[in-house]
Amino acid sequence: MVLEAVLSGFVLALFAPWIYKVGRGAAGWILALLPIGIFIYFATFVPPVAEGETFVFAQTWVPSIDISLSFNVDGLSLLFAMIISGVGALVIIYAGGYLAHDRDINRFYVYILMFMASMLGVVLSDNVITIFIFWELTSITSFMLIGYYHEKPESRTAALQALLVTGAGGLALMAGLVMMALVGGSWEISELLNRGDVITGSSLYVPILILVLAGAFTKSAQFPFHFWLPNAMAAPTPVSTYLHSATMVKAGIYLMARFSPALGGTQTWTVVVTSFGAVTMLLAAHMAWQKKDLKQILAYSTVSALGILTMLLGVGTHAALEAALVFLVVHSMYKGGLFMVAGAVDHEAGTRDIALLSGLRKAMPITGAAAVLAGLSMSGIPPFFGFVGKELIYESTTEFDMSAILLTVFAFLTNGLTITAALLVAHKPFFGSKLSAPKHPHEAPLTMWLGPVTLGTLGLLFGLLAGWVGEFLIAPAVSAVQHHQTEVHLALWHGFSMILLLSLVTIAFGVLVYWKHEVLGRWFAPSNVISKWGPEQWYFWSLDGMLGFGRWQTRLLQSGYLRNYLLIIIFSTVGLGLYTLSKYNVFSQNTIFRPIDVTSYEFMFMALIVASAFVVTQVRSRLAAVAALGVVGYGVAIIFVLDGAPDLAMTQFSIETLSVILLVLVLYRLPRFIQFSRSRPKKITEITAALAGGGFMALLVLLVTALPAQSRLAPYFAENSYKLAHGHNVVNVILVDFRGFDTMGEITVLGIAAVGVFGLLKLRLDKTRQTDTPPDVLTTQHQSADVFPVMEREQS
Amino acid sequence: MDALRLLTPEITITIFAFAIISLDIAWNDENKSRRILPWLAFAGGLATLLMIFYIWPHVDQYNYTAATDAGREVPMLAVDRMSLFFKMIAVLTVILVGLSAGEYVEKHTPFRGEFYGLMLLAGLSIMLLVSSTNLIMIYLALEFLSITSYILTGFLRRDARSIEAALKYFLYGALASGVMLYGFSLLYGATGSVDLATIAGSLETTQAGLVVAAVILMLAGFGFKIALVPFHQWSPDAYEGAPTPITAFLSVGPKAAGLAVLIRVMVVALPAFDVNWTPILSLVAIFTMSVGNLVALWQTNMKRMLAYSSIAQAGYMLVGLAAWSAAPPSAVAYLGGVDAIMLFLLAYMFTNLGVFAIAIILENQMGTSEIADYAGLIRRSPYLSVALLIFFLSLVGIPPTSGFIGKLFVFGAAVNQGLYVLALFGVFNSVISVAYYFGVLRNVFFEKGSDESPIRVGVAMNTVVTITVVMTLLIALYGQPFIQLAADSAQILAANF
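Residues numbered from 1 in each chain as written. Chains lettered and ligands numbered in written order. Predicted model: local features only at pLDDT ≥ 70, side-chain atom pairs only at ≥ 80, totals over all residues. Heavy atoms only, no water.

> Would you explain the overall build of chain A in this entry?
In terms of regular secondary structure, chain A is built from 34 helices and two strands. Summarising its shape, the C-alpha atoms of chain A cover approximately 115 × 65 × 55 Å along the three principal directions. Relative to its 796 residues, chain A shows a buried fraction of 54%. Surface summary for chain A: the accessible area is close to 34,100 Å², and the carbon and sulfur share equals 69%. Taking the 45 positively charged and 45 negatively charged side chains of chain A as two groups, their mean positions are separated by 14 Å. (Helix = DSSP H or I, 4+ residues; strand = E, 2+ residues; numbered from the N terminus. Buried < 20%, exposed > 50% of the residue type's maximum accessible area, 1.4 Å probe, protein only. Areas by Shrake-Rupley, 256 points an atom, 1.4 Å probe, with all protein chains shown as cover. Lys, Arg positive; Asp, Glu negative; His and termini not counted. Charge placed at Lys NZ, Arg CZ, Asp CG, Glu CD.)

> Can you help me understand the overall build of chain B in this one?
Tallying secondary structure elements over chain B gives 21 helices and two strands in all. Against the 2.2 N^0.38 benchmark of 23 Å for 497 residues, chain B shows a C-alpha radius of gyration of 22 Å, consistent with a compact globule. Its C-alpha atoms give chain B principal-axis dimensions of about 70 × 55 × 40 Å. The buried share of chain B, taken over its 497 residues, is 69%. (Rg over C-alpha atoms; globule rule 2.2 N^0.38 Å.)

> I tried to follow the domain arrangement of chain A on my own but got confused; where do I start?
For interface size, the figure often reported is the accessible area lost on association. What the domain assignment reports for chain A is domain 1 (276-515) and domain 2 (562-731). The centre of domain 1 of chain A, based on its C-alpha atoms, is set 81 Å off from the matching centre of domain 2 of chain A. (Domains from an automatic or database assignment.)

> Please explain the packing of aromatic side chains as it appears in this structure.
Pairs of aromatic rings are described using the distance from one ring centre to the other and the angle between the two planes. Considering all chains together, one arrives at 36 aromatic pairs over all chains under this definition. Pairing A:Phe108 with A:Tyr109 gives two aromatic rings, centres 6.2 Å apart and planes at 65 degrees, and the pair type is edge-to-face. Summarising the aromatic geometry, the rings of B:Phe224 and B:Trp234 are spaced 5.3 Å apart at their centres and angled 55 degrees between planes, so their arrangement reads as tilted. Note that B:Phe224 is positioned in helix α9 (residues 208-226) and B:Trp234 in helix α10 (residues 234-241), a separation of 10 residues in sequence. Here the two residues B:Phe224 and B:Trp234 agree in accessibility, since each one is buried. Cluster of aromatic residues (ring-pair linked, three or more members): A:Tyr565, B:Tyr150, B:Tyr169, B:Phe170, B:Tyr172, B:Phe224, B:Trp234 and B:Tyr239. Over the ring of A:Trp135 we find A:Lys219, and its NZ or CZ is 5.1 Å from the ring centre. Here B:Lys407 stacks its cationic end above the ring of B:Tyr316, 4.1 Å away from the centre of that ring. (Phe/Tyr/Trp six-rings, centres within 6.5 Å; stacked < 30°, edge-to-face > 60°. Lys NZ or Arg CZ within 6 Å of the ring centre and 35° of its normal.)

> Teacher, can you tell me more about unusual backbone geometry here?
Outside of glycine, negative phi angles account for most residues, and trans bonds account for most peptide bonds. Put simply, A:Phe223 and A:Pro224 share a cis peptide bond, and its omega is 5 degrees. Along the chain, A:Pro224 falls in the loop between α10 (205-219) and α11 (228-231). Between B:Val229 and the following residue, B:Pro230, the backbone shows a cis peptide bond with an omega angle of 5 degrees. Inspection of the secondary structure puts B:Pro230 in the loop between α9 and α10. We note that A:Ala221 has phi near 50 degrees; this positive angle belongs to a residue other than glycine. Note that A:Ala221 resides in the loop between α10 and α11. The exposure class of A:Ala221 is buried, given its relative accessible area of 0%.

> Explanation requested: the interface of chain B and chain A in the structure shown.
Taken together, the contact between chain B and chain A spans 90 residues of the former and 85 residues of the latter. Considering only the side of chain B, the residues that lose the most area to chain A are B:Gln233, B:Trp298 and B:Phe446, jointly responsible for 11% of the buried surface there. One can count zero salt bridges joining chain B with chain A. Linking chain B with chain A are one residue pair in polar contact (both at pLDDT 80 or more). Considering every element that reaches the side of chain B that touches chain A, the biggest residue donor is helix α7 (residues 160-191) of chain B, with 17 residues. For the side of chain B that touches chain A, the residue count by class is 57 nonpolar, 21 polar and 12 charged. (Contact = heavy atoms within 4.5 Å. Buried area = accessible area lost by both parts, 1.4 Å probe. Salt bridge = Lys/Arg side-chain N within 4 Å of Asp/Glu carboxyl O. Polar contact = N/O pair within 3.5 Å; in protein donor to acceptor, adjacent residues only side chain to side chain. Nonpolar A, V, L, I, M, F, W, Y, C, P; charged D, E, K, R; others polar.)

> Is there a simple way to explain the layout of surface pockets in this structure?
It is a probe the size of a water molecule, rolled over the atoms, that shows where empty space is left. Space inside the second largest pocket adds up to approximately 1,400 Å³. Lining of the second largest pocket is provided by 43 residues; of these, A:Phe10, A:Leu14, A:Val110, A:Met114 and B:Val386 occupy positions nearest its centre. Of all the elements in the fold, those that place two or more residues in the lining of the second largest pocket are α1 (2-23), α5 (105-124) and α6 (128-146) of chain A together with α15 (377-380), α16 (382-396) and α19 (459-477) of chain B. At nine residues, the largest contribution of residues to the lining of the second largest pocket is made by α1(A). Its residues assigned to classes, the lining of the second largest pocket comprises 32 nonpolar, four polar and seven charged. (1 Å grid on protein atoms, 1.4 Å probe; cavity = no way out; pocket = protein on both sides within 12 Å on 5 of 7 lines; lining within 4 Å. Points joined across faces, edges and corners; volume = space filled by probe spheres on them.)

> Teacher, can you tell me more about empty space enclosed by the protein here?
Residues and elements named next belong to chain A. Applying the stated rule across the entire model yields seven cavities of 30 Å³ or more. If you add up the space inside the largest cavity, you get close to 90 Å³. Mapped onto the lining of the largest cavity, the elements with two or more residues apiece are α16 (318-349), α17 (365-379), α18 (385-398) and α19 (404-426). At four residues, the largest contribution of residues to the lining of the largest cavity is made by α18. Residues that form the lining of the largest cavity fall into these classes: six nonpolar, seven polar and one charged.

> I keep staring at the packing of α16(B) against helix α17 (residues 402-416) of chain B and nothing clicks. Help me out?
What describes two packed helices is the angle between their axes and the distance between those same axes. All names here are of chain B. The contact between α16 and α17 brings their axes to 6 Å, and the two run at 5 degrees. When the interaxial angle is binned, α16 and α17 end up roughly parallel. Residues Ser394, Leu395 and Val396 of α16 touch α17, and the partners they reach there are Ser402, Gly403, Phe404 and Lys407. Looking at the contact of α16 with α17 residue by residue, the classes come out as three nonpolar, three polar and one charged. (Axes fitted to C-alpha atoms, helices over the stretch in contact; angles between N-to-C directions. Parallel < 35°, antiparallel > 145°, perpendicular 65-115°, else oblique.)

> Sorry if this is basic, but what is going on with the side chain of A:Thr414 here?
Along the chain, the position of A:Thr414 falls in helix α19. Excluding its chain neighbours within four sequence positions, the residues that come into contact with A:Thr414 are A:Met281, A:Leu282, A:Ala285, A:Ser304 and A:Ile308.

> Could you clarify how one ought to interpret the pattern of salt bridges in this entry?
Think of it this way: side chains of opposite charge can pair up when their charged atoms draw near. All names here are of chain B. This model, assessed by the stated rule, comprises 14 salt bridges over all chains. Between Asp237 and Lys168 there is a salt bridge, with its nearest N and O atoms 2.9 Å apart. Here the residue Asp237 occupies a position in helix α10, and Lys168 occupies one in helix α7, the gap between them amounting to 69 residues. One exposure class covers both Asp237 and Lys168, and it is buried. When salt bridges that share partners are traced, they join Arg161, Glu164, Lys168, Asp237, Glu240 and Arg304 into one network.

> Would you mind showing me how to read the pairing of strand β2 (residues 67-73) of chain A here?
Residues in a regular strand point their side chains to alternate faces of the sheet. Residues and elements named next belong to chain A. Across the seven residues that make up β2, a large majority, seven, are buried. By the alternation rule, side chains of β2 split into Ile67, Leu69, Phe71 and Val73 and Ser68, Ser70 and Asn72, which are all buried. The sheet contact formed by strand β1 (residues 55-62) and β2 spans seven bridges and is antiparallel. Each bridged residue has a counterpart across the sheet, and for Thr60 the counterpart in β2 is Ser68. (Pairing = 2+ DSSP bridges.)

> For this particular structure, what's the right way to read the confidence of the model for chain B?
Keep in mind that low pLDDT regions are not for reading the predicted coordinates in detail. Residue and element names in this part refer to chain B. Mean pLDDT over chain B works out to 85, with 92% of the residues at or above the 70 mark. Within the model, pLDDT remains below 50 along residues 62-73, and this stretch shows 33 contacts once partners closer than five positions in the same chain are excluded. Note on residues 331-335: pLDDT under 50 across the span, and 11 contacts to partners over four residues away in sequence or across chains. For this predicted complex, the interface confidence comes out at an ipTM of 0.80, alongside a pTM of 0.82. (pLDDT = per-residue confidence, 0-100.)

What follows is the structure in structure tokens.
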């Protein structure tokens, strides 16, 4: 059933365009029925899971490498699945109103349903490969969704940026997961969680941790990978609501929570995760209140909230995990609601600039009320659920055993600035005197206020029913993260304590900053250099760097000149060969400087060969060059004769003759001869290449000839030519008997080649150009500076 | 089975190739019957494929067909599962490329039959090459493949670029095979044999150093076919100039063939020599992946981009070989390396041919293959756009596509042997590749095109795209049979230890 629940989203996505065609404006409502159904289905798991049961559903998929479609419903995955399906339903309804007049809305439904299904897959999977598959699917669907407003260049850039950052993290995650599975000896997550001590004790623990955290941090926008999330605000608001506050960015949090029994509990984990979380939450909270755009404020405060969650998972105590899961629920509700509010304001008033927004409460009373509900929860005012969350955060930071004071100060500043951000989003646009907005504002339609009102009210209800929520939702989730059954008692009222006092001071601090935010904003403006020199710049630098490096090495390696290509082959084989030869110490033997038995006429022919090879490079006429090449070939053939291989020599003679004739015939059709390498450096490279190539081959020949000859052919032929073929002349026997078919083949080939040459000579392709002007192509190529022109190549 | 029956695939494809060429000569230009020649080639491909399937169950161990050399039984061709697997790849490539070439060939050349005949012959040469167990046979098959490739590359003989591409390919290839021949003769000189198995048996009289030098020289020839860095430079120029269907063929066929022969030489001839090949193979793999990907980043021509991307893909495949070479000889681990390469290759074949099919469709319609012209494709043909998305996901290695399974196996093999740095380079390169593949997709999905007329897709093309899409997804979603196939085909390994 869980498998069907996950896959149903993909199936419905296929039919979404058709449903839109039929349902039109009501399509959002119709499509939302699926997430509502999934939500109800998962809700039925709540009572048994609260009792401590877990449900595993497995379906074999690729048995030979142990990939199975297994799903695990425990407290943690259930909580996430309900958030995903519940918020999903509201977002789809909301999008029906928000994008009502958009021409691509059918595509939007496809993407968002696929995204929802993938996200459910991520949180429910119990197999490391399956979880990665769904993880990457969320990255791809989010690429499509962020780029949805494709007319805008910033949407397209943001889409690619988000994909590169989270996709890179995802691949790192896969490497980490595979290593973890190999170390832990299982591909099932539930098995791996039982083997935490094996994994943390292994020598690969630190690489695994780094890789898995790289995946989690990129997805959950932790510093220094946070920059993609504010840029992703180029997406339509329903996407920001769903992906960038309630669900996708929490996938990293889910991952850390899920694997904390396997990877957590060590000092490395605590230090790394806590400090990344703490730095992220404070930096982002500081960025948030200085922004002027509603969605930017919400985006940075989301990054800050993700930092809080990461920090709490790093601390990892019972209180911290309790705080993390409560805050997770709180945040999904208020942030989802506020994003929808921001979208509604943008939709109705035509701007998201808080400087232009004020006094909208008269025109948009319901939206305003929803904003206030969410804002109060965000600020952590009792009796909202946010208050419970904030109390728990302080409880866990003050108990942190490494540096409680520092962490509490970080949390205090973060919480205070979060309140400022809440006021900027929920108070500033709706209260105060009315300003003239670009559009005349009026209340949003039902589809667009249903979501924020529901989420805002839930924030209040959960606060009032904190004990019940703690027992049925939070306790099972904390048990899952701690990997043993545990209890959670939530209450609004903890009595008078340091923590309550801290909460009150936090509220005062937040309100103060809000009150003076314009003045303070000017003071703190210089601190924004971080965005100039910050990680986003590193991203662009590394992209540029990669491009630049690519271009540089293309120029180097891919010049288009054949001459350079050939030089590279020669140099690289000689280099690699010499390297290995020296590594295997072949030179140490007495092979190179040994006496070789050479007769005087062999010397003569060798000198002739060398001299004619040199002539080839020096003459300025093709005919002379060909003739000199012929001399080289004949010289080699004579050496064959001298060494007792007349058959080989015969072949060499005939091939040599044929090629000289062919070359001469071709030559007379070629254009004027040109000297290829004019400049001195080019000549030096070529001389070096020639010497290196020739020298290397000579060296190899010396090495081989030092070995005893092992050919079994010579004795075989000597022994058998009379016995088998009744011939005394071994060479003759080989040619006409042992290799009779070879000889026939050679003769045939030569004959066919001759016919071909004759055909070519007779061929008159184009009468007009065959005498004076040579064919087009060759002319073009020889007129260019070097052997061949660079192929036309694009410049980026 | 007797030798002749084991060679039925080769015989079948030869008969069809010559039948096509003869009919092409016999029928003059006006003869309408010529239209059947492409379909005859298609039938030939299918028949060959059937023959391969027919032989498959009979080949359950390391099986030789014998040919005689100097009066003694010396095996020249091995018909084993590994060679049959690669033959299947070769024939499928010929079939898919042949199907997608129809309209292009009709548009650009007057020679219909010759093209298909040469394609089948190129397929034949790959089939011979992947079976060769003898240095001479390897050389002959390799040259056969090269010569058919040169001709096909220069097939548009009125197009200067096509000619230039062929000429560069030819001159480059001539030097590379020359260097390779030096390697062969060195190996022969050092061991006294041209037969791979005999070479393996002669280790006590041979110096490892010489063998290594010989293999490095041979690597020039094999690397040229696979387009491994630093022997890759011909490929972008040749890919851009060649007729697009031939580019598609070059990006799969010769690569598979080169890889097969490299695997065979490494696995059959060399393991006996106590040489650690892992550093060299890893180094070449790292360079091949990185150079391919980094240069692909700023290409604006689809064919050229695909050329570099396929260089990078060959680098990933080499990771599998490096992993194999790092394994202790007795380990038949489930993430073995060679089976990973085969699985990767199978996935890569369908995916890459799919991408090229789309490139051909668009080139037929628009006359160019510039990436900028892909803008707004989603409006012109949602089907092709989604197909392209699936193919690129597969090339990056993102699930749920076949490329993911391939990379999982290849990198998994590397990790399994403790080659973490190599695997990390692979992963990092996959990230780089996201940038350029999704750069194209960005154009397809997000940019606004100047032309909004729908793209017309013919029946043959539609078949190719559908087959490749289905296979790209199927290998990922129902991978078991394919993984089994790759593992069975890699049993050449088990037979050697």
